[in-house]
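The lines below spell out each chain.
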Amino acid sequence: MKDVLAGLIAQLEVGAVVALARVVEVNGAAPREAGAAMIVTAEGEVIGSLSGGCVEAAVVETAREVWETGTCIGERFGIDDGIAPGLTCGGEVEIVTEYVGAERLPLLRALRQGIDAGEPLALVSTLAGAPEWALVRPGEPSPWPLIDGDIAALVRAGRSALAGADRCEPDQSALPRVFVQAFAAPPRMILAGANAFVRALSRTGSQLGYRVTVVDAREVFATAAQFPHAHEVVIAWPHRYLRAEAAAGRIDGRTVVCVLTHDPKFDVPMLAAALTAVPVAFVGALGSRRTHAERMARLREEGITDDQLRRLHSPLGLDLNARTPEETAISIAAQIIAETSGGSGRALGDTDGPIHR
């Protein structure tokens, strides 16, 4: 949804007739996740993607119907059988297409403003007739009190999913069926160091949706000009910065910390802080195997336990035979994705079972 939001607002501002189609449920393997969106204008312009081309043509035809009726239409697409439109990957998606008029502009502008500010919130929509929309933030009640707990849980988790009448309960006739499209504040990536490897990883991390912070105590190296893809460059001792951010509540279980300083006086205190003081998702340190062995010894001298050291990913990165900073950034990013999402890091051709889990 975020990738089409600016286009949706721009189309409505010039008076275009627009339909919004969103993936609201995914079963099995599918090209896109719940929340993927596409807009279709009466002039034939299409912005966004729902399935990588599998079902878009059918949704464009559905858009013509919702313009005439003003009501939403839900469709399920399964395996492509050569007759009906479907997915080649073997999964199933439910897509809801609805007419969006200029009356939605205030809410959509507020949504964009909240996303740009990094504010956690969700767009909650009913999925029958002429849909009702509401913006819901953590701790705020929704307009649907019967399923308020379900909505609140999804908003807190930053997870997009169906809520309400889709639950498996005997009598759901009084429950509305809604789609909660969550927009959580982006996870953080904190990079300790100011060098070419940090520069490359800051770009890759930003592309993956992280809010990237580069922190280094050497102001001559830690400049915004050197790291144009970082969201912020901080001049401070990395471990002191990390502890201060944790104390201020700006570190959470999605935060990634990578130490690429190549200097024990920086990396040992930073790793000690990351492994003991804050509940982060991933802690890694770049370096050779010799550097790794020396670093582990120093960390043990600092009182870091073996259980805590098992959380440390070092030497950092997957075995891609990476050499350049850009290749190394891909190696590190691949390991972060695998570790934080339960992947194996192996070649898909060497694994069995579904590709998307």
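Since this is a predicted model, take the numbers as computed values, not measurements. (Residues numbered from 1 in each chain as written. Predicted model: local features only at pLDDT ≥ 70, side-chain atom pairs only at ≥ 80, totals over all residues. Heavy atoms only, no water.)

**With respect to the layout of surface pockets**
Step number 1: Here the largest pocket is characterised by a volume of approximately 1,500 Å³.
Step number 2: As for the largest pocket, its lining consists of 41 residues, of which Lys-2, Gly-158, Ala-184, Pro-187 and Arg-254 are closest to the centre.
Step number 3: Counting residues per element, the ones that place at least two in the lining of the largest pocket are α1 (2-13), α3 (105-116), β9 (177-183) and α10 (325-341). (1 Å grid on protein atoms, 1.4 Å probe; cavity = no way out; pocket = protein on both sides within 12 Å on 5 of 7 lines; lining within 4 Å. Points joined across faces, edges and corners; volume = space filled by probe spheres on them. Helix = DSSP H or I, 4+ residues; strand = E, 2+ residues; numbered from the N terminus.)

**Observations concerning the nonpolar core**
Across soluble globular proteins, nonpolar side chains have a tendency to be buried as a group.
Step number 1: One finds Ile-190, Leu-242, Val-257, Leu-299 and Leu-312 to be the most contacted residues of the largest nonpolar core, which totals 25 residues.
Step number 2: Listing elements by their share of this core, those giving two or more residues are β10 (188-192), α6 (238-247), β13 (256-259), α7 (264-276), β14 (282-285) and α8 (289-301).
Step number 3: A per-element tally of this core places α7 first, with seven residues.
Step number 4: Discounting chain neighbours no more than four positions away, the residues touching Leu-312 are Leu-271, Leu-275, Val-283, Gly-284, Ala-285, Met-296 and Leu-299.
Step number 5: In this structure, Met-1, Leu-5, Leu-8 and Phe-183 belong to the second largest nonpolar core, which totals 21 residues. (Core = buried A, V, L, I, M, F, W, Y, C linked by side-chain atoms within 4.5 Å. Buried < 20%, exposed > 50% of the residue type's maximum accessible area, 1.4 Å probe, protein only. Contact = heavy atoms within 4.5 Å.)

**A closer look at α8**
Step number 1: For α8, which comprises 13 residues, the first-to-last C-alpha distance of 19 Å matches the rise-based estimate of 18 Å (1.5 Å per residue) to within 8%.
Step number 2: Within α8, burial applies to His-292, Arg-295, Met-296 and Leu-299. Along the axis of α8, the buried positions cluster into a sector of 105°, meaning they face one direction only. Every exposed residue of α8 that faces more than 90 degrees away from the buried side is listed here: Arg-290 and Glu-301.
Step number 3: Gly-303 sits one or two residues past α8 and shows a positive phi near 95°. (Expected span 1.5 Å × (residues − 1). Arc of directions from axis to C-beta.)

**Some remarks on the environment of Glu-245**
Step number 1: Inspection of the secondary structure puts Glu-245 in helix α6.
Step number 2: Glu-245 sits 33 residues away from Val-278 along the chain, and the two C-alpha atoms are 9.4 Å apart.
Step number 3: What Glu-245 contacts, discounting residues up to four positions off in sequence, is Arg-188, Arg-250 and Ile-251.

**Details of the pairing of β10**
Step number 1: For β10, the buried fraction is high: five of the five residues fall into the buried class.
Step number 2: Burial along β10 is two-sided: Arg-188, Ile-190 and Ala-192 and Met-189 and Leu-191, pointing in opposite directions, are all buried.
Step number 3: Bridging between β10 and strand β11 (residues 211-216) involves five bridges; their strand directions are parallel. Each residue of the ladder has a partner; that of Met-189, found in β11, is Val-212.
Step number 4: Crossover β10 to β11 through helix α5 (residues 196-207) is right-handed.
Step number 5: Pairing geometry for β10 and β13, over four bridges, is parallel. Paired with Met-189 across the two strands is Val-256, which belongs to β13. (Pairing = 2+ DSSP bridges. Right-handed = clockwise from strand over helix to strand, strands pointing away.)

**A few points about α6**
For an α-helix, 3.6 residues make a turn, and residues three or four places apart therefore share a direction.
Step number 1: All buried positions along α6 are accounted for by Pro-238, His-239, Tyr-241, Leu-242 and Glu-245. Down the axis, α6 shows its buried residues gathered within 160° of arc, on one side only. Turned more than 90 degrees from where α6 packs its buried face, Arg-240 and Ala-247 sit exposed.
Step number 2: The inward-facing, buried residues of α6 contact β10, β11, β12 (232-235), β13 and α7.
Step number 3: Just downstream of α6, Gly-249 is the residue with a positive phi angle, here 80°.

**Quick notes on the packing of aromatic side chains**
Step number 1: Within the structure shown, the criterion is met by one aromatic pair.
Step number 2: A centroid spacing of 4.8 Å and a plane angle of 35° characterise the contact between Trp-237 and Phe-266, whose relative ring orientation is tilted. Highlighted residues: Trp-237 in the loop between β12 and α6 and Phe-266 in helix α7, separated in sequence by 29 residues.
Step number 3: Using a relative accessible area of 31% as the deciding quantity, one classes Trp-237 as partly exposed.
Step number 4: Look at Phe-266 and you get buried, because its relative accessible area is 6%. (Phe/Tyr/Trp six-rings, centres within 6.5 Å; stacked < 30°, edge-to-face > 60°.)

**A closer look at the sheet that holds strand β1 (residues 18-27)**
Step number 1: Sheet architecture is open: five strands sit in the order β3-β2-β1-β5-β4, paired in antiparallel fashion. The open sheet is flanked by β3 (46-48) and β4 (73-77), the only strands paired with a single partner. Strand-to-strand twist of the sheet, defined as the mean angle between neighbouring strand axes without regard to direction, takes the value 20°.
Step number 2: One ladder, built from five bridges, connects β4 with strand β5 (residues 92-100); its direction is antiparallel. By the bridge assignment for β5, Glu-75 is matched with Ile-95.
Step number 3: Packed onto the sheet, α1 meets β1, β2 (37-41), β3 and β5 and runs at close to 25° relative to β2. (Axes fitted to C-alpha atoms, helices over the stretch in contact; angles between N-to-C directions.)

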